[in-house]
Amino acid sequence: MRKCFCGQGRSSVGHGEQHCSDMSCEITVVDDLRTDPPTRKCSTSSTNSTSSTNSTSSAGSMAMLDGEPDAAAVPIPSSAVVVYVTDDAVAAVSVVGCRGDRTLATVTNVDAPSSDIHTDRDECSSDDSCNGPDSPTGLKRVGSVYDFGLDGADSPPPCANHPFAGGPDVDLTKVARKQLRMIREVDVAVCHLNHTNTIISKILSSKYLRRWENHQIRLQDDCITSNTPIGFLSKTIGYEAIKDLYPVKRWDSNFKYCLRVVVTNGSYLLQTTNQYLRDQILYSILWKKNVQETQTLLKSQSDPDDMLKELQNIVDFAKNIPLVDDEIFHMPTFIASTLMTRDQEKYCKQSWEKALIGTLRPLIEDCPPSAEMCSFLSHHCKDQSSLPIIKDSLVYTITRILKHNFDFARTLTARTLVQDYIKALYIQDQSGESIRYFLSRVHSASAVCPHNRVLPNMVSTCITAIYSASEELPANCSEAEFDCYYTNHLRCYIVVLQNISEYSDWLYGLAQLLRPLPFPALLLIRSIFMEDISSVILKIGLHEDCEIHKQVLAVRETKDGWFDLCSPIEAVFCGSSIVWTQLLKTLMDCERCKKKKLLKNLKAKHLGTCVSEALKNNKIVMDVLCLMLEWMVVEDLHQRNQIVDTLKSTEFGKNVYDEFMSRQNQLLELQRKGGPQNLSLPARGTDLDLNSMFDCGPFGNLESVDLAFTNVTDTCAKTLIKLPSLKVLNLWGTQFGDSGLLIISDHLTNLQVLNLCETKVTDRGIVSLISLINLKKLNLNSTKATVRSVDVLKKKLPGLHEVDVRYSFAW
């Protein structure tokens, strides 16, 4: 027996509804609103019949009660009162009259303090249609994302392609991706609700009697668990047990952001602190559930075409779900690789593999491939029969690996994939056209490659492959065996370096990476390797930019550089001096290179080579030997005599030596005659004027030269170095630059005062002044000097006690 809400008499219990025993009360209590959400029933009673039940939808009844016409609604008698019992409130609707086919009614909340309290979706909110997008009927597979463009509601409308979320007619082009982080552990408030089949159970499940527990839930691969497995979550919630999952769109102010997980024996409410966290949990659970379902289906599938469809579904889901996590992109490829490993004979067929790569390609384009996918693709790169199928498909994949990878030590399979792909391209086309086309795709069509990581990644990949292949060489293999092995396993990576050197924007970076000679020693003594790599070295060493061509020199004086390895005396280049001579000419012709330092290096390492080449009438080397004598680089008397005898042995060398002696006699004459100690060039004076002045008089005792506000340039440095006694040099307001500083820093070692105010000098030239060990005063006012260069000078020159850096570029 239940008490009627009117407070009169006793009620009789029927199936699904209770009637007041006092027939004058005319109240019908609808007990079960959960019978079938799409076809819920509202019962009414009238004075002419004991009980009459009209089947209408909840949305239709309320439209009628709100005064809106509804063709599907059955008019309610004017004397009827309908009572709705929900988890949140008990409302009585009293029919007060009829007007045509419209029914007028008033709604009274019996138990609720406010009429704004709404229920969740299982209880059919009074103004929401049970068949609308917020009333799902079951959970299957999810294939799209929420449209977050509708921010007016607490929760976004569900996905298109979501079987319980609005149907497939949603336009995917209007879907706005909201990037959410995947949740694996999170603190939530949990409430468990049993199925409410009776009015008592509904009342006990109402929000006033609900009990909430705090849990730290963990989303594992197969279930939802709690780190404190007590209370509501004493048992895990398996994803296969979840029948429905959706956010509760409207709630009271205390429990606003809730997510409902419907299971077999009830449902769980998960309450979060904000909508963002709630959506994270929602999509994370949906992802885990779909992955588990896909894996389960693939285990039972035997048809490869059906498996491709299942993989396509999970790939589409991964593309559209608004979660940002590596698992989203890697899991489908992991599933595919596991599938192929399970039965290689069945699934490793060219047609099926091509379709598989096409299926997984969207994920590979969005994220670097997983280790399993890299291993799968490497296998097909080694198989020449399947290479034509994946050759074009892998271009974008390899390009993405090179563009976005920052540490190959953590992604060894990705580096192996790039190496195998390069080798496969070369084996297929040994002319190098395939590799050249591949690099053009990697570089992009612009003049400068927009991706900074491509060059170092490509070079490191090739060098690592060369080292790995070299370790497999026999200890004492013959020249023929080495040539065969080199052609089949190593040349492909040298071809890559040769093609990289064709791009001007990559040349400087390539030169820096190759400067330390990053190759095995056993390759550096092989002629076939040195002949191939020499084309790259020539591109670097003959470049007009000093910063590039000087990379052929050794990093340190105690080490060897490419210039040293290309020496004609070396065994690998025995009898061929073309490469070495061309590199030497470029270095000596460069005005920015420190020639005196280079000459000292030649004298220490290659004096015998220079003498040998001079005897072969090498004119470039003869000029270099003569310059060694002129700049007093060779101090040993025996060596000087050897150089003189070498120069006199040929006609051209004898002419070079005679010109040197003529210049030397003029310098000695200047020093012998003495002359003034101070010289000031008039305004608008030029380099030619300064040179003519020194030719017409004795200036061997000059100690101070003032060239301020003249038109002299770096060229005058060649004249100033003839004044070894110079102590003061004023270049204020001239066109003097770094090239001139490099020259005078090698020769004017007695210089004590240098004025470079308002000149074009930069850090490169300023740092070279560290060789002026007697320098005491330096004026860098209004130059491009920086703190770095000034600090270097102060550390290297303890006698430098005055440096003017006012108005300089860095101050």
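For the structure, check the block above.
None of the values given here were measured: they were computed from a predicted structure. (Residues numbered from 1 in each chain as written. Predicted model: local features only at pLDDT ≥ 70, side-chain atom pairs only at ≥ 80, totals over all residues. Heavy atoms only, no water.)

So, the overall build of the protein chain
- If you tally the helices and strands in the protein chain, you get 31 helices and 23 strands.
- Among the 811 residues that make up the protein chain, the fraction classed as buried is 50%.
- Of the contacts formed within the protein chain by residues at least 6 apart in sequence, a portion of 63% connects residues at least 24 apart. (Helix = DSSP H or I, 4+ residues; strand = E, 2+ residues; numbered from the N terminus. Buried < 20%, exposed > 50% of the residue type's maximum accessible area, 1.4 Å probe, protein only. Contact = heavy atoms within 4.5 Å.)

Some remarks on the environment of Thr609
- With respect to the helices and strands, the residue Thr609 is situated in helix H23 (residues 607-615).
- Residue class for Thr609 comes out buried when judged on its relative accessible area of 4%.
- Sequence separation between Thr609 and Ser577 is 32 residues; the distance between their C-alpha atoms is 9.7 Å.
- Once you skip the residues sitting within four places of it in the chain, Thr609 turns out to touch Ser567, Pro568, Ile569 and Trp580.

Details of the packing of aromatic side chains
- Scanning all chains against the criterion turns up 10 aromatic pairs.
- Aromatic ring contacts, followed pair by pair, group Phe482, Tyr486, Phe519, Phe529 and Trp562 into a single cluster.
- Sitting over the ring of Phe652, Lys619 keeps its end group 5.1 Å from the ring centre. (Phe/Tyr/Trp six-rings, centres within 6.5 Å; stacked < 30°, edge-to-face > 60°. Lys NZ or Arg CZ within 6 Å of the ring centre and 35° of its normal.)

Quick word on the sheet that holds strand S11 (residues 213-219)
- Pairing in this open sheet of 7 strands is antiparallel, and the strands run S13-S12-S11-S10-S16-S15-S14 from one edge to the other. Both outer strands of the open sheet, strand S13 (237-238) and strand S14 (244-248), are each paired with one neighbouring strand and no more.
- Here strand S12 (residues 223-226) runs beside S13; their pairing, made up of 2 bridges, is antiparallel. When the bridges of S13 are listed, Ile224 appears paired with Ile237. (Pairing = 2+ DSSP bridges.)

Describing the environment of Ala241
- As for its position among the elements, Ala241 is in the loop between S13 and S14.
- The class of Ala241 is partly exposed, set by a relative accessible area of 25%.
- Counting along the chain gives 21 residues from Ala241 to Val262, while the straight-line C-alpha distance between them is 8.5 Å.
- With sequence-adjacent residues up to four places away left out, Ala241 is seen in contact with Val262, Val263 and Thr264.

As for the sheet that holds strand S20 (residues 728-730)
- Strand order in this open sheet of 6 strands is S18-S19-S20-S21-S22-S23, and the pairing throughout is parallel. The outermost strands of the open sheet, each flanked by one partner alone, are strand S18 (678-680) and strand S23 (802-804). Neighbouring strand axes in the sheet, compared pairwise and without regard to direction, differ in orientation by 5° on average.
- Examined bridge by bridge, strand S21 (residues 753-755) and strand S22 (residues 777-779) share 3 bridges and lie parallel to one another. Residue pairing in the sheet places Val753 in a bridge with Lys777 of S22. (Axes fitted to C-alpha atoms, helices over the stretch in contact; angles between N-to-C directions.)

Quick notes on the packing of H23 against helix H25 (residues 637-648)
- Between H23 and H25, whose axes approach to 10 Å, the crossing angle comes to 20°. Relative to H25, the element H23 is oriented roughly parallel. Seen from above, H23 lies across H25 with left-handed handedness. Contacts from Leu607, Val611, Ala614 and Leu615 in H23 reach Gln639, Gln642, Ile643 and Thr646 in H25.
- Class assignment of the residues belonging to the contact of H23 with H25 gives a composition of 5 nonpolar, 3 polar and no charged. (Parallel < 35°, antiparallel > 145°, perpendicular 65-115°, else oblique. Left-handed = near helix turned anticlockwise from the far one by under 90°. Nonpolar A, V, L, I, M, F, W, Y, C, P; charged D, E, K, R; others polar.)

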